[in-house]
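Here's the letter readout for the chains.
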There are 2 protein chains.
Amino acid sequence: MIELLSALPTWQPALRGDPCAVATVVGASGSVPRPVGTSMLVASGTPAPHVLGSLSGGCVEGAVVAAALDVLESGAAASARFGYSAEDAFAVGLTCGGEVEVHIAPLPAEVLASLAAHDAGGAASAPGVPCAVVRRLDPTHDGAGGLALLGPAECAGGEALATALETLFPGAPQMAARAAALVEPIVGRGSSAVVAVATEGACELRELDGRGDVGVRRGDLGGVVRLLVESRLPAPRFMVVGANDFGAALVPAARLLGYRVTLVDARPAFAAQERFACADEIAVARPHEYLVAEARAGRLDARTAVAVLSHDPKFDIPLLDAALRLDLAYVGAMGSRRSHEQRIAALLEAGHGPVDLGRLRSPIGLDLGAVAPAEVAVAILAELVAARHPGAGCGPLRDRRGHVHAARPAAPDPQEVTPRREGEEVVSPWT
Amino acid sequence: MIELLSALPTWQPALRGDPCAVATVVGASGSVPRPVGTSMLVASGTPAPHVLGSLSGGCVEGAVVAAALDVLESGAAASARFGYSAEDAFAVGLTCGGEVEVHIAPLPAEVLASLAAHDAGGAASAPGVPCAVVRRLDPTHDGAGGLALLGPAECAGGEALATALETLFPGAPQMAARAAALVEPIVGRGSSAVVAVATEGACELRELDGRGDVGVRRGDLGGVVRLLVESRLPAPRFMVVGANDFGAALVPAARLLGYRVTLVDARPAFAAQERFACADEIAVARPHEYLVAEARAGRLDARTAVAVLSHDPKFDIPLLDAALRLDLAYVGAMGSRRSHEQRIAALLEAGHGPVDLGRLRSPIGLDLGAVAPAEVAVAILAELVAARHPGAGCGPLRDRRGHVHAARPAAPDPQEVTPRREGEEVVSPWT
C-alpha cells in the first residue's frame, strides 16, 4: 500500500473517518500483472463502494471488492487465492495463467486517519524521501498496532528501525530486533517482500520469497509471524541539459517515470521559462561544472540519468567528458550524425577509450522516427527503460516469440530505478 | 509562434505591457532541429532579457537574442541566416550541418496584449480546438495589422477564412481571397508553411515549400507578399481502457504526446479514483459500447489510438472486435502470451482475418523489458510513435548507420498526430 500513501489525504473515506479494508497481494506465482505489496483500499459507499488502487486489471478485482466488503462487515481478516483454470477463465480468474494470494484485513478508521495525517504534507511519500510500511499479516494484530510507517531515519536501519518495529511487537523487544534484522536488507534495496519472524528463537528466522512459496511453506509457519515489508528508495535523479523545446518535453515525461528531474542550462533567460517550472530543480550553471559539483557532493549515483539536449559543443563536450568518468546509469546526447561524429572525435582526443564511448548513447534514443519534441522524449525514455532490462530486444513485443521476458536475467539489476519487489522477475504484465 | 500562445497570458512582458520581438524559423534546409514556424519571443530585461520558446538547442539562440534586441531598438524587422561552416562550428553555427533562415520582427505591446487576452481562457490553444496564426513577413506590415489569429470557424475555410484574412490586406479583399485559397489547404492539414501571395494577379500565386527554397527564389519575389501560416488540428484521441495501475500511468503520459485522453472502465468505483482526474474525459461504460457509440457519432478518426489494459476478456474481446472494424491509428491490448493466444482465437472466431489481426498490437508495446506501470506506458507510447513513422527500426539510434531518418518516406503520414509542418521530412533533430 506504499503506492497509495500520497492519495490518502484526499480520499473521501479517510476524510470522513470511515473504516476500510485493505486487500494486498502477498504471494504471486507464474504470470500476474502486479507484484507483492500491491494494495487496494475498499470502503462502503452508495451507489458503489469506494476503491483506492487496483490489484490487476479487472480480472479478479470484482471478487476482491466483494471479499473486502465481507471483511469490513465481519471485522475478521481473510485470505483468498485467485488462479487460472480453463473453466473459470471467463468468470473470475487470471487468464494470464498466474496465481495470486490476496490478504484482506480491516483498516480501522483511526489507522487510516493517522496514515492520511502523517502524509498530509506529502513528506512521507515525496519522491526524494525513502519510506517503508511494515504490516503484520496475522489476524490477531490487524488493529492500530499492526502497522508501522517508517521514515528516512528508520529506513537507515539499526537501532532506529528496531525501535520503530516495537510498535508491532508490544512487550517483545527481542522479536522486534529479530524483525529488524530481516527488514533492514529489504528496505536497503528499496524492495518489498513477506518475511517470517520466529516467535521462539533466531534459529527459525526465514525470509519467504514472495513468489508463491508462501503457500507451500504454510504448514511450517507455526511459531512465526508474517510481516509484509514495502519500501522505496529516494527517487533517482535525471539531469536534463538544455532549456529548449526538447528539454521542455523531456522534463515532465521523466518525472512520470519517477525521476527527480533537474533542468540544467547556463542561460538564465532560457532556464527561467515557466514551461520548466515542473522540474524538481532548475540549475542555471555551466552543465559540466554543475555535474562535477553534484558528483563531489555525493548527490549522484549509479541510478542517475543524464540527457544532453543542448546542441552546443561548447557545453556538450566538457559535460560528456565529465559524465563518462562517473558511474551513471544512462548518458545520452542529442545531435545529428555529423554532430555525433565531431563529438566522438573530441571525446577520443580527451582521452576516452572504447569502453567509455560504448557507454555513451549518441545519437540519443531509440529509432522511432521521432521528430516532435514529445516524440523525442518517448524515444529517449524508451532507450532508458530498455537499458535497465538487459533482455530487452526493443522491437515490437508482438514480434517476439515465447515468453516476453524470457531473456531477462534472474539477478536484480542494480540500476533498476523502480522500487524493485521480490519475485519481480516473474511478476510482469506480459510474461 | 502557435506553440507559444498558451504561455502568453502568464509571460511577464505580456503582463507588464512591454513590447517584444518575435524570431521565427521561416526557412530550413539540411538538418536542423526545429521546423518552419518555430518561434521565440524576446523582450528587454535586467539582468537578462526575457525569452519565451526556443529555436533550436542553444547553437544559434544567443545570436538570435542579440539580433532580436537590435530589432526591438530599431523597430525594423530583420532576417538572418545561420548555417554550418567548419570554421565557425564552435562559435555561432549549426554543427548539425543545417541552415535556417530566421525572420525577426517587432511585436507591438498592443498585439502581444491582444494575443495574450485572446487566449487568457486557453480557448484558442486548448488541445481540442483547431487554431491557426497567419503573419505577414514583409517589413511594412509588422504592426497590429500584420497578424491574424484564426479560431475553429475560420480554420474551416471558405468565406470565414477570407474575411478573417482581410485584416492582413486592408482595402484589398481580392488579395485576401487569393491568400485564403493558399492558406486553406495548409490549415486543413494542420501544418505550417510560408506562402507567397501575388499582388498583381492570380497567375503568379505560388506556394514556397519552406525547405530553403525561399532564399533561392528570393529574386523573383517582386509583386508578392510572404505569409507565414501555422496551424494545428484538434488533438487526436486516445482511449485508455482499464482503470488500473497501468491506465493511471498511461493517461498522463499520453497527454504529454498531445492526445485528448479518455479513460474508459465499466466499474464506477474504479473509474472515480482521483488518479484518473487528469484524463480529459472519463467514460463509465462498457468499453465496446462506448467505442461503437463514439464512432457512430463521428468522434473517432484515423488518428485515434486505443490501448486495452483491462485484463478481462469479458470486456476485451468485444472491444477489440469493434475496434478492428474501424479505421484507427493504433489498437493494442495488454496481456500475457497466454491471454494473447486466447484473444487471437476469439477474434478469429468472431470472423477477423489476418489483415485485421495484423493491425492488432498484442501483446502491446515495444520489448523494453518494462515491468512497472510507468515503464509499460513508455513501451506503449514508443510503439505508437514508431507506428507513425514507417522507417522506424526501433533499435537504439546509435546502432543505426547513416542518416537517422533515411528510410522515412517523403510522403506525409496521414496518421501523424503532431501538427505536421512543411519540410518536416528533413527537419529532424537527428538526421
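Analysis parameters
Residues numbered from 1 in each chain as written. Chains lettered and ligands numbered in written order. Predicted model: local features only at pLDDT ≥ 70, side-chain atom pairs only at ≥ 80, totals over all residues. Heavy atoms only, no water. Helix = DSSP H or I, 4+ residues; strand = E, 2+ residues; numbered from the N terminus. Buried < 20%, exposed > 50% of the residue type's maximum accessible area, 1.4 Å probe, protein only. Contact = heavy atoms within 4.5 Å. Areas by Shrake-Rupley, 256 points an atom, 1.4 Å probe, with all protein chains shown as cover. Salt bridge = Lys/Arg side-chain N within 4 Å of Asp/Glu carboxyl O. Pairing = 2+ DSSP bridges. Phe/Tyr/Trp six-rings, centres within 6.5 Å; stacked < 30°, edge-to-face > 60°. Lys NZ or Arg CZ within 6 Å of the ring centre and 35° of its normal. Axes fitted to C-alpha atoms, helices over the stretch in contact; angles between N-to-C directions. Core = buried A, V, L, I, M, F, W, Y, C linked by side-chain atoms within 4.5 Å. Disulfide = S-S within 2.5 Å. Parallel < 35°, antiparallel > 145°, perpendicular 65-115°, else oblique. Left-handed = near helix turned anticlockwise from the far one by under 90°. Nonpolar A, V, L, I, M, F, W, Y, C, P; charged D, E, K, R; others polar. Polar contact = N/O pair within 3.5 Å; in protein donor to acceptor, adjacent residues only side chain to side chain. pLDDT = per-residue confidence, 0-100.

## Here we look at the overall build of chain A
Then, in step 1: Within chain A one finds 14 helices and 16 strands.
Then, in step 2: By residue count, 58% of the 431 residues in chain A fall in the buried class.
Then, in step 3: Long-range contacts, defined as pairs at least 24 residues apart, comprise 63% of the intrachain contacts of chain A with a sequence gap of at least 6.
Then, in step 4: For chain A, the accessible surface area stands at approximately 14,900 Å², while carbon and sulfur atoms represent 56% of it.

## Considerations on the pattern of salt bridges
Then, in step 1: Scanning all chains against the criterion turns up 32 salt bridges over all chains.
Then, in step 2: The partner of R16(A) in a salt bridge is D18(A), and the shortest N-O contact between them spans 3.1 Å.
Then, in step 3: The salt bridge involving R135(B) is made with E230(B); its shortest N-O contact spans 3.5 Å. Here R135(B) is found in strand β6 (residues 131-136), whereas its partner E230(B) is found in strand β10 (residues 224-232), with 95 residues between them in sequence. There is no split in this pair, since R135(B) and E230(B) are both buried.
Then, in step 4: What you see here is one network of salt bridges that share partners, running through R237(A), R260(A), E281(A), E294(A) and R299(A).

## Details of the sheet that holds strand β15 (residues 330-333) of chain B
All names here are of chain B.
Then, in step 1: The 6 strands lie next to each other as β13-β12-β11-β14-β15-β16, forming an open sheet whose pairing is parallel. Two strands in the sheet have a free side with no partner beyond their single neighbour: β13 (281-284) and β16 (360-361).
Then, in step 2: As judged from the 5 bridges shared by strand β11 (residues 237-241) and strand β12 (residues 260-265), these two strands associate in the parallel manner. When the bridges of β12 are listed, M239 appears paired with T262.

## Quick notes on the packing of aromatic side chains
Residues and elements named next belong to chain A.
Then, in step 1: Per the counting criterion, the structure on display carries 2 aromatic pairs over all chains.
Then, in step 2: Here F238 and Y259 contribute two aromatic rings whose centre-to-centre distance is 5.2 Å and whose plane-to-plane angle is 85°, an arrangement assigned as edge-to-face. Linking F238 in strand β11 (residues 237-241) with Y259 in the loop between α8 (245-256) and β12 (260-265), this pair joins segments that are 21 residues apart in sequence.
Then, in step 3: Over the ring of F270 we find R267; its NZ or CZ atom is 3.8 Å from the centre of that ring.

## Quick notes on the sheet that holds β11(A)
Residues and elements named next belong to chain A.
Then, in step 1: Spatially, the 6 strands line up as an open sheet ordered β13-β12-β11-β14-β15-β16, and their pairing is parallel. Single-partner strands in this sheet number two, and they are β13 (281-284) and β16 (360-361).
Then, in step 2: Inspection of the sheet shows strand β14 (residues 305-308) paired to strand β15 (residues 330-333) by 4 bridges, in the parallel sense. Directly across from V306, in β15, lies its bridge partner V331.
Then, in step 3: Sheet strands touched by α8: β11, β12 and β14. Its angle to β11, the strand with the most contacts, is close to 170°.

## A word on the nonpolar core
Then, in step 1: With 116 residues, the main nonpolar core has F238(A) and F238(B) as its most contacted residues.
Then, in step 2: With residues up to four places along the chain from it excluded, the contact list for F238(A) reads L250(A), A254(A), Y259(A), R260(A), V261(A), T262(A), A305(A), A307(A), L381(A) and L384(A).

## Details of unusual backbone geometry
Residues and elements named next belong to chain A.
Then, in step 1: Of note, the amide linkage connecting T46 to P47 takes the cis form, showing an omega dihedral of 0°.
Then, in step 2: With respect to the element layout, P47 can be found in the loop between β2 (39-43) and β3 (50-53).
Then, in step 3: Although it is not a glycine, C394 adopts a positive phi angle of roughly 75°.
Then, in step 4: Relative to the helices and strands, C394 resides in the segment after α14 (373-388).
Then, in step 5: Exposure remark for C394: the relative accessible area of 7% places this residue in the buried category.

## A word on the state of the cysteines
Working definition: the covalent bond between the sulfur atoms of two cysteines is a disulfide.
Then, in step 1: Enumeration over the complete set of coordinates arrives at 0 disulfides over all chains.
Then, in step 2: Considering cysteine sulfurs only, C155(B) is the nearest to C131(B), which forms no disulfide, with 6.4 Å between them.

## A few points about the packing of helix α5 (residues 158-165) of chain B against helix α6 (residues 173-189) of chain B
Residue and element names in this part refer to chain B.
Then, in step 1: Their axes nearest at 8 Å, the elements α5 and α6 cross at an angle of 120°. In terms of orientation, α5 lies oblique with respect to α6. The two elements α5 and α6 cross, and the hand of that crossing is right-handed. Residues G158, L161, A162 and L165 of α5 lie in contact with α6, whose contacting residues are A176, A177, A179, A180, V183 and E184.
Then, in step 2: Here the contact of α5 with α6 is built from residues that sort into 8 nonpolar, 1 polar and 1 charged.

## Observations regarding the pairing of strand β1 (residues 20-29) of chain A
Residue and element names in this part refer to chain A.
Then, in step 1: The buried fraction of β1 amounts to 9 of the 10 residues, a majority that puts the element mostly inside the structure.
Then, in step 2: Here 9 bridges tie β1 to strand β5 (residues 99-107), and the two strands are oriented antiparallel to one another. In the sheet register, A28 faces β5, and the bridge partner there is V100.
Then, in step 3: The sheet contact formed by β1 and β2 spans 4 bridges and is antiparallel.

## With respect to the environment of P313(A)
All names here are of chain A.
Then, in step 1: Relative to the assigned elements, P313 resides in helix α11 (residues 313-323).
Then, in step 2: Judged by its relative accessible area of 13%, P313 falls in the buried class.
Then, in step 3: Separated by 33 residues in the primary sequence, P313 and A346 have C-alpha atoms spaced 9.4 Å apart.

## Some words on the side chain of S362(B)
Then, in step 1: Positionally, S362(B) belongs in the loop between β16 and α14 (373-388).
Then, in step 2: Residue S362(B) is classed as buried on the basis of its relative accessible area of 2%.
Then, in step 3: At 2.5 Å, the side chain of S362(B) and the side chain of H340(B) are in polar contact.
Then, in step 4: Apart from residues lying up to four places away in sequence, S362(B) is in contact with R398(A), A333(B), H340(B) and R343(B).

## What to know about the side chain of E61(B)
Then, in step 1: Relative to the helices and strands, E61(B) resides in helix α2 (residues 61-74).
Then, in step 2: Polar side-chain contacts of E61(B) include one of 2.8 Å to the backbone nitrogen of L55(B).
Then, in step 3: Leave out the neighbours within four places in its chain, and E61(B) touches R267(A), F270(A), M40(B), S54(B), L55(B) and S56(B).

## Details of the environment of D321(B)
Residues and elements named next belong to chain B.
Then, in step 1: Tracing the backbone through its elements, the reader meets D321 in helix α11 (residues 313-323).
Then, in step 2: Taking the C-alpha atoms as reference, D321 lies 9.4 Å from D356; in sequence the two are 35 residues apart.
Then, in step 3: The contacts of D321, once residues within four sequence positions are left out, are L347, A350 and H352.
Then, in step 4: A distance of 2.7 Å separates the side chain of D321 from the side chain of R325, its partner in a polar contact.

## Topic: the confidence of the model for chain A
Residue and element names in this part refer to chain A.
Then, in step 1: When pLDDT is averaged along chain A, the result is 81, and 78% of the positions lie at 70 or above.
Then, in step 2: No element of chain A has a lower mean pLDDT than helix α7 (residues 213-216), which averages 36, and none a higher one than β14, which averages 98.
Then, in step 3: A low-confidence stretch, residues 201-221 (pLDDT under 50), is modelled with 49 contacts involving residues beyond four sequence positions or located in other chains.
Then, in step 4: Below a pLDDT of 50 lies the segment residues 405-431, which in the model reaches 112 contacts outside its immediate sequence neighbourhood of four places, other chains included.

## Digging into helix α8 (residues 245-256) of chain B
Then, in step 1: Among the 12 residues of α8(B), 10 are classified as buried, and the element is accordingly described as predominantly covered.
Then, in step 2: For α8(B), the set of buried residues is D245(B), F246(B), G247(B), A248(B), A249(B), L250(B), V251(B), P252(B), A253(B) and A254(B).
Then, in step 3: Taken together, the buried residues of α8(B) touch α8 of chain A together with β11, β12, β14 (305-308) and α14 of chain B.
Then, in step 4: Its side-chain oxygen 2.9 Å from the backbone nitrogen of F246(B), N244(B) forms the N-cap of α8(B).

## Notes on the environment of G258(B)
Residue and element names in this part refer to chain B.
Then, in step 1: Its place among the elements puts G258 in the loop between α8 and β12.
Then, in step 2: A residue is classified by how much of its surface remains accessible, and G258, at 32% relative accessible area, is partly exposed.
Then, in step 3: Once the C-alpha coordinates of G258 and P234 are considered, the two residues, 24 residues apart in sequence, prove to be 9.8 Å apart.

## Some details on the packing of α11(B) against helix α12 (residues 337-349) of chain B
Residue and element names in this part refer to chain B.
Then, in step 1: Between α11 and α12, whose axes approach to 10 Å, the crossing angle comes to 55°. Compared by their axis directions, α11 and α12 come out oblique. Where α11 crosses over α12, the handedness of that crossing is right-handed. Across the interface between the two elements, D316, I317, L320 and D321 from α11 touch R343, A346 and L347 from α12.
Then, in step 2: Split into classes, the residues belonging to the contact of α11 with α12 amount to 4 nonpolar, no polar and 3 charged.

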